[in-house]
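Letter by letter, the chains look like this.
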Amino acid sequence: MDGRRRLAPEDLDLVFSARDWLTGDEPVDRVLRRWQITVVKNAYSDEPSSSDARLAADEVIGRGTASVASIRDAANARIGVIEALDAISAELEHLSVIYDDADGWWTDDLGLADPGPTALLLETLEFEPVYRGLGLGPAVLAGIIDRLGVGCSFAALEPHPIGEPFGGKPVDDAIRSLERLWTSVGFRPFRDGVWVLDLATVAFDERCRELLHREA
């Protein structure tokens, strides 16, 4: 078993990047802040005193995309939330079931503890083939939500494999594997294949501490 297969959450870094036009004023960009996430193997244990060595040694093990959506910003930009989701990507458009177009708010069926105006919408999370099935997914997903979900009332996603699913597994089996991953973080099935996680409860905070090996 090589070193890559002994990775633990403390061996990983998350790198977040977002891009905005300095002079741009597109309504969609005001509704959705899109993030690119890179999961890298850190090198603190090998070169604790050399940041240059760390940067050279970083190894990408996965990538993801997510968006923070704001109903209030949509109203200010005079654009519908569903229209904004559809304009960005098919993955986000599928999440439109979380929104009640008639009420102009997240649907009451979500049963949220505190239905605020902002939500974290997870589009993709994919590991390099050699790192799949090693138990890293729940911790990485929890870490992403812990950081990007600040101020959000809930997170939503639609489990679906990207590319060749899980080393050649049938798509249905791959989806079930993903559903087990989301369940382990605290997501629950909602509607039409969409899963949600209420971020206004202590349950996610507790699960996040467990997955990321944090002290209470």
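Note that the structure is a prediction, hence the values are computed from the model and not measured. (Residues numbered from 1 in each chain as written. Predicted model: local features only at pLDDT ≥ 70, side-chain atom pairs only at ≥ 80, totals over all residues. Heavy atoms only, no water.)

Participant: Would you mind showing me how to read unusual backbone geometry here?
Facilitator: Most of the time, phi is negative for any residue but glycine, and the peptide bond is trans. One non-glycine residue, arginine 78, lies in positive phi territory at about 55°. Accessibility expressed as a relative area gives 80% for arginine 78, which makes it exposed. The phi torsion at aspartate 192 lies on the positive side, around 55°, for a residue other than glycine. Residue placement: aspartate 192 occurs in the loop between strand E8 (188–191) and strand E9 (194–198). A relative accessible area of 59% places aspartate 192 in the exposed class. (Buried < 20%, exposed > 50% of the residue type's maximum accessible area, 1.4 Å probe, protein only. Helix = DSSP H or I, 4+ residues; strand = E, 2+ residues; numbered from the N terminus.)

Participant: How do you make sense of the pairing of strand E6 (residues 118–127) when you look at a structure like this?
Facilitator: For a regular strand, side chains alternate in direction, first toward one face of the sheet and then toward the other. Of all 10 residues making up E6, 8 are buried, and the element is well covered by its neighbours. Of the strand pairs in this sheet, strand E3 (residues 59–70) and E6 are connected by 9 bridges, and their pairing is antiparallel. Paired with alanine 69 across the bridge in E6 is alanine 119. The pairing of E6 with strand E7 (residues 154–157) spans 4 bridges and is classified as parallel. Bridge assignment links leucine 120 to a residue of E7, and that residue is alanine 155. At this point the chain moves from E6, through helix H6 (residues 137–148), to the parallel E7, and the crossover so formed is right-handed. (Pairing = 2+ DSSP bridges. Right-handed = clockwise from strand over helix to strand, strands pointing away.)

Participant: Sorry if this is basic, but what is going on with H6 here?
Facilitator: Structural remark: α-helix, 3.6 residues per turn; residues separated by three or four positions point the same way. In this model, H6 (12 residues) spans 16 Å end to end at C-alpha, consistent with the 16 Å of a helix rising 1.5 Å per residue. Along H6, 10 of the 12 residues are buried, which leaves the element largely enclosed by surrounding structure. Residues of H6 that are buried include every one of Gly137, Pro138, Ala139, Val140, Leu141, Ala142, Gly143, Ile144, Ile145 and Leu148, and no others. (Expected span 1.5 Å × (residues − 1).)

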